Amino acid sequence: MNTASNGVACKTVRCAVYTRKSTEEGLNQVFNSLDAQREAAEAYIASQCHAGWLCLPQRYDDGGFTGANMDRPALKRLLDDIQAGHVDCVLVQKVDRLSRSLLDFAKMMETFDRQRVAFVSVTQQFNTATSMGRLVLNVLLSFAQFEREIISERTRDKIAATRRKGKWSGGVPLLGFDLDPRQTRLVVNQKEAVRVRAIFALYLELGGLLPVVRELKRRRWRTKRWRTHHGEVRGGGPFTKTNLHRLLTRVAYIGKVHHKNELYDGEQPAIVEADIWQQVRAQLRDRRRSGGGQARNKFGALLQGLLHCAPCGCAMTPTHAMRGRKCYRYYLCCGAHRHGRQNCPSKAIRAEPIERLVLEQIQSLEPALGNVQERVPALPPDEQLRLVQLLIKRVDYDGTQGKVSITLRPDSLPALPVKAAAQDKETDV
């Protein structure tokens, strides 16, 4: 409790200052935009000291985050502190610093009202406790959202015009090219261009992404290494199936620029022959697996999305191999799938034994479910997966020791004691 100038005790109002800047430009300065916003809010709080206002020392600064959504770390911390009852008032320099989305702002206002937290914009005087104040606030926010949408439209139009002219419109630099900062265009890096052509040739020779990944690892070739405007080094990591596929499908290597469904002649020269690029693209298309919602569990993988590799922490994905008309199902560690099986001790495991073991454990722990070993296989594949996911939270397989650890869902087995349901059941496989 504080004491006002008239000697009457008043309640302390704990004030949190939130600041935001959409870009990272200038944030490395000694006194940046976030500091200026906080200084203005602190001055306003000091002017209200007679009402018991007190500025909290915690900083809620989101530098380089857009106001179009709520995916901001400092904003999440602020909302958590509000839910915990640590904040009585939130101050921003302007309304759009908190949000540029009318829907997001309305959600936050509901949270503020529920926790009885006041909201103050230092440079835009209004009172959210009155209906007129709420109307003014919504009008201001509507204009902020309109401004954001106009900026987005202008940016999209600029990128489209840039692509139609074949110019580089920004993004992560490509292996084989460097960015000329004076003309904002791509120039060939001859040393890297030789590697790019070799990668395309390797894929045509080896016929698969994973063999190429293994060969690139043996050669110690890395992805594009580059430096940001702030001097931070990015890239330079090992090749995986994902980034290799992305490299092999880049139209920039044949001197083109892609925008939506159209190809335009680019300013950058081609470093891969068009016929080689087309051969690689055709081979990738032929090897691509067909997918779809109806075939997502075609072979009845009971532990899809549940099984994990204990040594490396990666998920284990269902796969299969055909021998004549016989289908052999496996679970393969995603780490081994991306980087080669020699990189993971668990590698792969036959599907039937581990699935049978899991069903046996469910049966032993919850007899009231009936004979699950007969009931589950009788269901359609998607229904099998749904039922097992309702009962099991996670399955960990340790290929080095041949151990399986099963974690059940306590809320799905009401007949079990909570402690027993939550514990891991470890079994040899």
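Now for a description of the structure that goes with this document. (Residues numbered from 1 in each chain as written. Predicted model: local features only at pLDDT ≥ 70, side-chain atom pairs only at ≥ 80, totals over all residues. Heavy atoms only, no water.)

### Comments concerning the nonpolar core
In terms of nonpolar packing, the biggest core is built from 29 residues, with L303, L307, M316, Y331, I354, I392 and V395 touching the most fellow members. Examining the composition of this core, we find that six residues originate from one element, helix α11 (residues 351–365), more than from any other. (Core = buried A, V, L, I, M, F, W, Y, C linked by side-chain atoms within 4.5 Å. Buried < 20%, exposed > 50% of the residue type's maximum accessible area, 1.4 Å probe, protein only. Helix = DSSP H or I, 4+ residues; strand = E, 2+ residues; numbered from the N terminus.)

### A closer look at the packing of helix α6 (residues 190–206) against helix α9 (residues 274–287)
For the pair α6 and α9, the least separation of the axes is 10 Å and the interaxial angle reads 45°. Between α6 and α9, the angle is such that the two are oblique. Here α6 and α9 pass one another in a crossing that is left-handed. Counting all contacts with α6, which are made through F200, Y203 and L204, the residues of α9 involved are I276, W277, Q279, V280, Q283, L284 and R287. Looking at the contact of α6 with α9 residue by residue, the classes come out as seven nonpolar, two polar and one charged. (Axes fitted to C-alpha atoms, helices over the stretch in contact; angles between N-to-C directions. Parallel < 35°, antiparallel > 145°, perpendicular 65-115°, else oblique. Left-handed = near helix turned anticlockwise from the far one by under 90°. Contact = heavy atoms within 4.5 Å. Nonpolar A, V, L, I, M, F, W, Y, C, P; charged D, E, K, R; others polar.)

### Thoughts on the state of the cysteines
Tallied over the entire structure, the rule returns zero disulfides. For C334, which is in no disulfide, the shortest distance to another cysteine sulfur is to C333 and amounts to 6.5 Å. On the accessibility criterion, C334 (19% relative accessible area) is buried. (Disulfide = S-S within 2.5 Å.)

### Observations regarding the environment of H337
Relative to the elements of secondary structure, H337 occurs in helix α10 (residues 334–339). On the basis of relative accessible area, H337 is assigned to the partly exposed category, the value being 27%. With 127 residues separating them along the chain, H337 and L210 place their C-alpha atoms 7.6 Å apart. Apart from the residues lying within four places of it in its own chain, the contact partners of H337 are L210, K241 and L332.

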